[in-house]
Amino acid sequence: MKALITGASGFIGSHLVDELLRRGYQVVGIDNFSTGIPRYLESAELSGNFEIHDCDILDFIGLCEHMTGVDVVYHMAANADIRGGAKNTRCDLEQNTIGTYNVLEAMRLSDSAKRICFASSAAALGEPTVFPTPENMSIPVQTSLYGASKMAGEGLIASYCNAFGIEGYCFRFVSLLGPRYPHGHVYDFVEKLRADPSKLQILGDGKAQKSYLHIYDCVQALMLVCEDLRPEK
């Protein structure tokens, strides 16, 4: 089996590279390295079953070239700067929505790639009023261009699945932690405590709660749904 991973040098993507190689896959990674970290792939590059290409998902021709012989696509590449979308309003449209369209269209034109696993986001749900939030809730009011772009990506995948027989899985990630975690408030907390273990500056009144998921558990969930329990087509 051959897998293509977009955003392969990122936090989630690099862990997927390692897990799919462990499972005996031939893995092709693509990344534009705008935020990815090449050293995350050092062990993978020693495996003999991995290749990495400097390719942006907006480069449709390059994307099609790397799709050759691929069985499954793990689409992890995206602009992840939610706040930045208000300053550069084209970024989420291009990197997330058009990029996802390009991935799907490259799959459609390929002879083999008929399954996609997509990194969506809890931000696609905007600000829901029901917790836990059910998966079948109506499409919510969007509160960010990033969230809107991820919901659009889910819609594109559903449409391609219906029209072209592609098998699709969308995962609304939120608050992942673990090795290679590159940034965020937990990262900042640790850096602050290293600088001064006697105090920790936080926002709010200290009563806020947030759920987290370890990257290992995330990857195993992806494997369970996208590889182990999926119906054979």
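*Asks:* Please set out the overall build of the chain residue by residue, giving values where relevant.
*Replies:* Helix and strand counts for the chain come out as 6 helices and 8 strands. Counting helices and strands in the order they occur from the N terminus, the chain gives β-α-β-β-α-β-α-β-α-β-β-α-β-α. Computed over C-alpha atoms, the radius of gyration of the chain comes to 18 Å, within 12% of the 17 Å expected from 2.2 N^0.38 for 233 residues, which places it in the range of a compact globule. Reported as C-alpha extents along the three principal axes, the dimensions of the chain are approximately 55 × 45 × 35 Å. When each of the 233 residues of the chain is scored for burial, the buried share is 44%. Taking the contacts inside the chain whose residues are at least 6 apart along the sequence as the reference set, 72% of them involve residues at least 24 apart. Per element, the accessible surface of the chain, about 12800 Å² overall, is 54% carbon and sulfur. Averaging the positions of the 20 positive and the 28 negative side-chain charges in the chain gives two centres separated by 5 Å.

*Asks:* Quick rundown of the environment of Ala-152? Include the residues and the values.
*Replies:* Secondary-structure assignment places Ala-152 in helix H4 (residues 145-164). By relative accessible area, which is 29% here, Ala-152 ends up partly exposed. Taking the C-alpha atoms as reference points, Ala-152 and Pro-140, 12 residues apart in sequence, are found 12 Å from one another.

*Asks:* Could you give an account of the environment of Ser-144, naming the residues involved and the relevant values?
*Replies:* Topologically, Ser-144 is positioned in the loop between strand S5 (115-121) and H4. Spatially, the C-alpha atoms of Ser-144 and Gly-126 are 7.3 Å apart, while their sequence positions differ by 18 residues.

*Asks:* Residues and numbers for the pattern of salt bridges, please.
*Replies:* For the coordinates displayed, the defined rule picks out 10 salt bridges. The salt bridge partner of Arg-23 is Glu-19, with a shortest N-O separation of 2.9 Å. With a relative accessible area of 7%, Glu-19 lands in the buried category. Arg-172 serves as the salt-bridge partner of Glu-154, at 2.8 Å between the closest nitrogen and oxygen. Pair noted here: Glu-154 is in helix H4 and Arg-172 is in strand S6 (residues 167-173), with a separation of 18 residues, a long-range link. Of the residues examined, Arg-172 reaches a relative accessible area of 24% and is grouped as partly exposed. Overlapping salt bridges, with partners in common, bring together Glu-19, Arg-22, Arg-23 and Asp-228 in one network.

*Asks:* A description of the sheet that holds S5 should follow, citing residues and the corresponding values.
*Replies:* Pairing within the open sheet is parallel, and its 6 strands lie in the order S3-S2-S1-S4-S5-S6. Each edge of the open sheet carries a strand with a single partner, namely strand S3 (50-54) and S6. Across this sheet, the average inter-strand angle for adjacent strands is 15 degrees, counted without regard to direction. Relative to S3, strand S2 (residues 26-31) runs parallel, the two being bridged by 5 bridges. Residue pairing in the sheet places Ile-30 in a bridge with His-53 of S3. The strands touched by H4 within the sheet are S5 and S6, with S5 carrying the most contacts at an inclination of about 160 degrees.

*Asks:* Go over the side chain of His-75 with me, naming the residues and quoting the values.
*Replies:* Within the fold, His-75 resides in strand S4 (residues 72-75). Owing to a relative accessible area of 1%, His-75 belongs among the buried residues under this scheme. Side chain to side chain, His-75 and Thr-100 meet in a polar contact 3.0 Å long. With near-sequence residues (within four places) excluded, His-75 lies in contact with Thr-6, Ile-57, Gly-99, Thr-100, Val-103, Ile-116, Cys-117, Phe-118 and Ala-119.

*Asks:* Can you lay out the nonpolar core for me, pointing to particular residues and giving the numbers?
*Replies:* In this structure, Ile-5, Leu-16, Val-17, Tyr-74 and Phe-173 are the most contacted members of the largest nonpolar core, which totals 31 residues. Setting aside its immediate chain neighbours within four residues, Ile-5 contacts Gly-13, Leu-16, Val-17, Leu-20, Val-27, Val-28, Gly-29, Ile-30, Tyr-74 and Met-76. In terms of nonpolar packing, the next biggest core, distinct from the first, is built from 20 residues, Val-28, Ile-57, Leu-63 and Met-107 among them.

*Asks:* With reference to specific residues and values, describe the packing of aromatic side chains.
*Replies:* The description of an aromatic ring pair uses the distance of the two centres, along with the angle that the planes make with each other. Following the criterion strictly, the structure yields 3 aromatic pairs and no others. Ring plane angle 50 degrees and centroid distance 5.1 Å describe the contact between Tyr-160 and Phe-164, whose orientation is recorded as tilted. Here Tyr-160 pairs with Phe-164, and both are found in helix H4, just 4 residues apart, close to one helical turn. Here the aromatic rings of Phe-171 and Phe-173 are separated by 6.2 Å at their centres, their planes lie at 15 degrees, and the arrangement is stacked. One residue, Arg-108, lies across the ring of Phe-164, its end atom 5.3 Å from the ring centre.

What counts, and where the lines are drawn
- Residues numbered from 1 in each chain as written.
- Predicted model: local features only at pLDDT ≥ 70, side-chain atom pairs only at ≥ 80, totals over all residues.
- Heavy atoms only, no water.
- Helix = DSSP H or I, 4+ residues; strand = E, 2+ residues; numbered from the N terminus.
- Rg over C-alpha atoms; globule rule 2.2 N^0.38 Å.
- Buried < 20%, exposed > 50% of the residue type's maximum accessible area, 1.4 Å probe, protein only.
- Contact = heavy atoms within 4.5 Å.
- Areas by Shrake-Rupley, 256 points an atom, 1.4 Å probe, with all protein chains shown as cover.
- Lys, Arg positive; Asp, Glu negative; His and termini not counted.
- Charge placed at Lys NZ, Arg CZ, Asp CG, Glu CD.
- Salt bridge = Lys/Arg side-chain N within 4 Å of Asp/Glu carboxyl O.
- Pairing = 2+ DSSP bridges.
- Axes fitted to C-alpha atoms, helices over the stretch in contact; angles between N-to-C directions.
- Polar contact = N/O pair within 3.5 Å; in protein donor to acceptor, adjacent residues only side chain to side chain.
- Core = buried A, V, L, I, M, F, W, Y, C linked by side-chain atoms within 4.5 Å.
- Phe/Tyr/Trp six-rings, centres within 6.5 Å; stacked < 30°, edge-to-face > 60°.
- Lys NZ or Arg CZ within 6 Å of the ring centre and 35° of its normal.

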